[in-house]
Amino acid sequence: TGTELMALELYDNVRCLDYLLTRPDVDAERLGMMGISGGGSQTLYTAAVEPRLKAASPTCAVTTFRADLADTTMCVCELAHDILTVGDHGLFLAMAYPRPLLVVNGARDPIFPIAGARSASAQAKRLYAAGGRPEAVEFAEYDAPHDWTDAMLDRQIGWFRRQFGLPELASVPAADGPRDADLF
C-alpha cells in the first residue's frame, strides 16, 4: 500500500494509548513506555510524537544512523525510506522535550552501536539544555550485548518510580524470565 511499517506501528502505539486512557485503572499522569530493540525504537518514536507519555526509556534501540549503517543492518520496522530527511535518533529523542528520558544501551550491542547511542543521547541532552532541562535526559550504558539485563531493568523500574513520584523499592521482585546468570 506504500505505507511504512514504522508508521503502522506508531499508529498502533497511539491507538493503544487512546485505549489505555479510557480505563479507570490507568493514571494518565503516570503513563510511561519502555521496550527493547524494536520495542525500544517504538518507544523512541512514540515519545517523540505522543505528549500523553510522561516518561520514556528506549532500551538497546538508540544509535545514529551513520553508526548503525556502518556496522550493522537495522530491521525494516525501525526505518522509513526517507527518515534521514527528518532527522536522526538524537533529534527524535529531543522531540520528547520536556518529558524525562532514560536511554539504556549495551556496550556490546552489535545492532545498535554504543558510539552512536552515546552521540544521540548527547545530542538530545544538548537540545534539552537549550530549553533549560538537560537533567531530563539520562544515558545508562551497561557491559551487555543486545539484551535486557536485570541491572538495566532494575535501573529503569527505579527511574520510572522516581519520575512518577512513587516510593523506591527495597529490591525489585524477580521476574519470570531468564536471570543475568542464565544469559552470560
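Structure: above.
Residues numbered from 1 in each chain as written. Predicted model: local features only at pLDDT ≥ 70, side-chain atom pairs only at ≥ 80, totals over all residues. Heavy atoms only, no water.

### Quick word on the side chain of Thr-59
So, step 1. Locating Thr-59 in the fold gives a position in strand E2 (residues 55-59).
So, step 2. Since its relative accessible area comes to 0%, Thr-59 is described here as buried.
So, step 3. Excluding residues that lie within four positions of it along the chain, Thr-59 makes contacts with Gly-35, Ile-36, Ser-37, Gly-40, Val-104, Trp-148, Met-152 and Gln-156. (Helix = DSSP H or I, 4+ residues; strand = E, 2+ residues; numbered from the N terminus. Buried < 20%, exposed > 50% of the residue type's maximum accessible area, 1.4 Å probe, protein only. Contact = heavy atoms within 4.5 Å.)

### Some remarks on the pairing of E2
So, step 1. Where burial is concerned, most of E2 is hidden: 5 out of the 5 residues are buried.
So, step 2. Of the two faces of E2, both are covered, the one formed by Ala-55, Ser-57 and Thr-59 as well as the one formed by Ala-56 and Pro-58.
So, step 3. Alignment of strand E1 (residues 32-36) against E2, held across 5 bridges, turns out to be parallel. Note that in E2 the partner of Met-33 across the bridge is Ala-56.
So, step 4. As a crossover connection, the stretch from E1 through helix H2 (residues 38-49) into E2 is right-handed.
So, step 5. Judged from the 2 bridges that link them, E2 and strand E3 (residues 101-106) form a sheet pairing that is parallel. When the sheet's bridge partners are listed, Thr-59 is paired in E3 with Val-104. (Pairing = 2+ DSSP bridges. Right-handed = clockwise from strand over helix to strand, strands pointing away.)

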